[in-house]
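Coordinate inspection notes
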Amino acid sequence: LKEKFQYTLTNDYILRTASRFGDRSYVQQKGIDTAVMETTENIVAALYSLLDRRQDGAKVRVVRGFREPLPPEEVLAVLERHGGRGD
């Protein structure tokens, strides 16, 4: 994945996503299952967004990547556009 999304799936995004959803207080508040689900959904939404951007701008060689986890409303919109959350 890192090779396919070189420069767009950034280490900053990965580290900040892990820090946000893996924080001890977050996990205690949400529960481990929810924290893992929200982490996974955020990463999947980011990957779908990167693929969408590549398709939308096929002639554009470099697609701007993410530095921060996606906001929940953006995650939901992206996942619904690609077949839903699977609840």
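In this report, we go over the structure that sits alongside the text. (Residues numbered from 1 in each chain as written. Predicted model: local features only at pLDDT ≥ 70, side-chain atom pairs only at ≥ 80, totals over all residues. Heavy atoms only, no water.)

Our focus in this paragraph is the pattern of salt bridges. As enumerated under the stated definition, the model contains 4 salt bridges in all. For the salt bridge of R16 with E68, the shortest nitrogen-to-oxygen distance reads 2.9 Å. In this pair, R16 sits in helix 1 (residues 11-22) while E68 sits in the loop between helix 3 (32-56) and helix 4 (72-81), placing the two residues 52 residues apart along the sequence. A residue is classified by how much of its surface remains accessible, and E68, at 40% relative accessible area, is partly exposed. Among the salt bridges present, the one from D52 reaches R81, with a minimum N-O distance of 2.9 Å. Taken together, the residues D52 in helix 3 and R81 in helix 4 connect sequence positions 29 residues apart. On the accessibility criterion, D52 (12% relative accessible area) is buried. According to the relative accessible area criterion, R81 is exposed, its value standing at 53%. (Salt bridge = Lys/Arg side-chain N within 4 Å of Asp/Glu carboxyl O. Helix = DSSP H or I, 4+ residues; strand = E, 2+ residues; numbered from the N terminus. Buried < 20%, exposed > 50% of the residue type's maximum accessible area, 1.4 Å probe, protein only.)

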